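Here's the letter readout for the chains.
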Amino acid sequence: MTWVLYSTDGCHLCEDARALILANPNINALTEQDIIDDESLVEQFRYSIPVLCHEPSQQTINWPFDASQLEQFIESCTC
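All residue numbers here refer to positions counted from 1 along the written sequence of the relevant chain. Totals for whole chains, interfaces and linings use all residues, but because this is a predicted model, local features are given only for residues with pLDDT of at least 70 and pairs of side-chain atoms are given and counted only at 80 or more. The side-chain values count all of the structure's non-hydrogen atoms but skip hydrogen atoms and water molecules.

What counts as a helix is a DSSP run of H or I of at least four residues, what counts as a strand is a run of E of at least two, and both are numbered from the N terminus. Counting secondary structure elements, the chain contains three helices and four strands. Of the regular secondary structure in the chain, the N- to C-terminal order runs β-α-β-α-β-β-α. In this setup the radius of gyration rests on C-alpha atoms only. A globule is expected at 2.2 Å times the number of residues raised to 0.38. Against the globule reference of 12 Å for 79 residues, the chain gives a C-alpha radius of gyration of 12 Å, in line with a compact fold. Considering only C-alpha atoms, the chain reaches an extent of 30 × 25 × 20 Å along its principal axes. Counting the 79 residues in the chain, one finds 37% classified as buried. Three labels apply to residues, based on accessible area from a 1.4 Å probe with only protein chains included: buried if under 20% of the type maximum, exposed if over 50%, partly exposed otherwise in between.

See below:
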(Lines give C-alpha, C1' and ligand atoms only; values in the text may rest on other atoms or scores of the structure.)
Protein backbone atom coordinates (compact mmCIF):
# COMPACT_ATOMS: atom_id res chain seq x y z
CA MET A 1 0.00 0.00 0.00
CA THR A 2 1.60 3.22 -1.12
CA TRP A 3 -1.12 5.88 -1.21
CA VAL A 4 -3.93 6.53 1.27
CA LEU A 5 -6.86 8.82 0.65
CA TYR A 6 -8.29 10.06 3.94
CA SER A 7 -11.95 10.85 3.38
CA THR A 8 -15.45 10.14 4.64
CA ASP A 9 -18.77 8.96 3.21
CA GLY A 10 -20.99 11.57 1.60
CA CYS A 11 -18.16 14.06 1.02
CA HIS A 12 -18.48 15.41 -2.52
CA LEU A 13 -14.99 16.91 -2.32
CA CYS A 14 -13.65 13.45 -1.45
CA GLU A 15 -15.41 12.02 -4.49
CA ASP A 16 -13.86 14.71 -6.70
CA ALA A 17 -10.40 14.02 -5.26
CA ARG A 18 -10.83 10.25 -5.69
CA ALA A 19 -11.75 10.67 -9.36
CA LEU A 20 -8.75 12.92 -9.99
CA ILE A 21 -6.39 10.55 -8.17
CA LEU A 22 -7.67 7.44 -9.95
CA ALA A 23 -7.27 9.19 -13.31
CA ASN A 24 -3.53 9.58 -12.65
CA PRO A 25 -1.59 6.63 -14.12
CA ASN A 26 1.17 6.98 -11.50
CA ILE A 27 -1.17 6.00 -8.66
CA ASN A 28 -1.13 2.22 -8.79
CA ALA A 29 -2.15 1.32 -5.24
CA LEU A 30 -4.74 3.51 -3.53
CA THR A 31 -6.35 2.67 -0.21
CA GLU A 32 -9.17 4.75 1.18
CA GLN A 33 -9.46 5.36 4.90
CA ASP A 34 -12.73 6.73 6.26
CA ILE A 35 -11.67 9.04 9.07
CA ILE A 36 -14.92 8.43 10.97
CA ASP A 37 -13.63 4.96 11.89
CA ASP A 38 -10.80 6.38 14.02
CA GLU A 39 -11.10 9.23 16.53
CA SER A 40 -7.45 10.23 16.08
CA LEU A 41 -8.01 10.56 12.32
CA VAL A 42 -11.10 12.68 12.95
CA GLU A 43 -8.98 14.98 15.12
CA GLN A 44 -6.18 15.12 12.57
CA PHE A 45 -8.19 15.50 9.35
CA ARG A 46 -11.58 16.87 10.42
CA TYR A 47 -11.17 20.17 8.58
CA SER A 48 -8.83 19.13 5.80
CA ILE A 49 -10.30 16.07 4.06
CA PRO A 50 -9.78 14.87 1.47
CA VAL A 51 -6.08 14.30 2.09
CA LEU A 52 -3.81 12.11 -0.01
CA CYS A 53 -0.88 10.57 1.85
CA HIS A 54 2.17 8.89 0.40
CA GLU A 55 2.72 6.25 3.08
CA PRO A 56 6.47 5.61 2.73
CA SER A 57 7.36 9.29 3.10
CA GLN A 58 4.30 10.39 5.11
CA GLN A 59 4.01 13.42 2.81
CA THR A 60 0.47 14.70 2.30
CA ILE A 61 -1.46 16.95 0.00
CA ASN A 62 -4.72 18.51 1.11
CA TRP A 63 -7.65 19.40 -1.10
CA PRO A 64 -8.03 21.46 -3.19
CA PHE A 65 -5.51 20.29 -5.76
CA ASP A 66 -5.68 19.96 -9.52
CA ALA A 67 -4.13 17.41 -11.87
CA SER A 68 -0.93 19.43 -12.24
CA GLN A 69 -0.48 19.88 -8.48
CA LEU A 70 -1.19 16.19 -7.95
CA GLU A 71 1.46 15.25 -10.51
CA GLN A 72 4.02 17.52 -8.83
CA PHE A 73 3.17 15.98 -5.45
CA ILE A 74 3.58 12.44 -6.80
CA GLU A 75 6.95 13.32 -8.34
CA SER A 76 8.16 14.88 -5.08
CA CYS A 77 7.23 11.72 -3.18
CA THR A 78 8.80 9.21 -5.51
CA CYS A 79 12.15 10.91 -6.15
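Additional details are given in the paragraphs that follow.
So, about the pattern of salt bridges. One side-chain nitrogen of Lys or Arg within 4 Å of one carboxyl oxygen of Asp or Glu is enough to make a salt bridge. Using the criterion set out here, one finds two salt bridges in the structure. The shortest N-O distance in the salt bridge between Glu 32 and Arg 18 comes to 2.8 Å. Of this pair, Glu 32 sits in strand β2 (residues 30–34) while Arg 18 is found in helix α1 (residues 12–22), placing the two residues 14 residues apart along the sequence. You can call Arg 18 partly exposed: its relative accessible area is 24%. Note that Arg 46 is salt-bridged to Glu 43, the shortest N-O span being 2.5 Å.

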